[in-house]
Amino acid sequence: MFENSKIFGFERDFAGSLRCIPMITRQKLDMIGIKMTLRQWSRLSHEERSRLVDMPCQTQSEQDAYRAFVLDRIAARADEPVRYLGEQGLEEWQQSESMPQAVLTQAQTDLVAPPTSQQWAALTPLERFALIKLARSQHENENFVPALKEFGIL
């Protein structure tokens, strides 16, 4: 089992072994504008997946290095093309002052109180990213409530 403090508790059963793409890596991929498929991810070695979890991706030079590594690994390991995300701007998870409607809607669907404005602002960017992704996902939103609990919202 891959142990990494960057992987949330709610995702350890499916991302802890790195068989699925952890939120920390999904966030970094969004930051560099690349949509990695689960098939592409599964073609990477465990060491390469671990590296994608651990590599920094905050500054422009770190993002350039991360992008180069991702593109190189997809080209070397996968037999499908790289898929790019649309125009990148200030992402909703970077905005601590306004909660996206998807989070409010998912909380209503799950019959739980959504984060207050103060709670939303206090979350880390990665926690906000995770809640937005979980709220928008068709197959992972069963982890929305566990994430709220882990983040101290519920």
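Our structure's up above, just so we're on the same page.
In what follows, the accompanying structure is described. Worth saying up front: this structure is predicted, and the values here are computed from it rather than measured.

**Description of the side chain of Q27**
No. 1: If you trace the backbone, Q27 turns up in helix α2 (residues 23–32).
No. 2: Residues in contact with Q27, not counting those within four places in the same chain, are W93, P125, L126 and F129.

**Overview of the nonpolar core**
No. 1: Of all hydrophobic cores here, the largest spans 41 residues; its most connected members are M36, V70, L131 and F151.
No. 2: Secondary structure elements with two or more residues in this core: α2, α4 (46–54), α5 (60–77), α6 (101–109), α8 (125–136) and α9 (144–150).
No. 3: Take this core: its biggest share by element is seven residues, from α8.
No. 4: Filtering out sequence-adjacent residues up to four positions away, M36 remains in contact with I21, L29, W41, L44, L52, V70 and I74.

**Structural notes on the pattern of salt bridges**
In a structure, side chains of opposite charge can pair up when their charged atoms sit close to one another.
No. 1: With the rule as written, the count across this model stands at 10 salt bridges.
No. 2: Salt-bridge contacts for D79 lead to R39; the nearest nitrogen and oxygen are separated by 2.9 Å. Of this pair, D79 sits in the loop between α5 and β2 (83–84) while R39 sits in helix α3 (residues 38–43), placing them 40 residues apart in sequence.
No. 3: Exposure remark for R39: the relative accessible area of 41% places this residue in the partly exposed category.
No. 4: Salt-bridge contacts for R39 lead to E80; the nearest nitrogen and oxygen are separated by 2.9 Å. Of this pair, R39 sits in helix α3 while E80 sits in the loop between α5 and β2; the two residues are 41 residues apart in sequence, bridging distant segments of the chain.
No. 5: Look at the salt bridges and you will find they share partners, linking R39, R43, D79 and E80 into a network.

**Looking at the packing of α2 against α4**
No. 1: Where α2 meets α4, the closest approach of the two axes is 8 Å, and the angle between their N-to-C directions is 70 degrees. Considered as vectors, α2 and α4 are oriented roughly perpendicular to each other. Across the interface between the two elements, I24, T25 and K28 of α2 pack against L52, V53 and D54 of α4.
No. 2: Along the lines of polarity and charge, the residues of the contact of α2 with α4 split into three nonpolar, one polar and two charged.

**Re the environment of P115**
No. 1: Its location among the elements puts P115 in the loop between α6 and α7 (117–122).
No. 2: A C-alpha to C-alpha distance of 8.3 Å links P115 and L154, two positions 39 residues apart in sequence.
No. 3: Not counting the four nearest positions on each side in its chain, P115 is found in contact with M99, V103, W120, L148 and I153.

Conventions adopted
- Residues numbered from 1 in each chain as written.
- Predicted model: local features only at pLDDT ≥ 70, side-chain atom pairs only at ≥ 80, totals over all residues.
- Heavy atoms only, no water.
- Helix = DSSP H or I, 4+ residues; strand = E, 2+ residues; numbered from the N terminus.
- Contact = heavy atoms within 4.5 Å.
- Core = buried A, V, L, I, M, F, W, Y, C linked by side-chain atoms within 4.5 Å.
- Buried < 20%, exposed > 50% of the residue type's maximum accessible area, 1.4 Å probe, protein only.
- Salt bridge = Lys/Arg side-chain N within 4 Å of Asp/Glu carboxyl O.
- Axes fitted to C-alpha atoms, helices over the stretch in contact; angles between N-to-C directions.
- Parallel < 35°, antiparallel > 145°, perpendicular 65-115°, else oblique.
- Nonpolar A, V, L, I, M, F, W, Y, C, P; charged D, E, K, R; others polar.

Nothing here speaks to function; it is geometry throughout.
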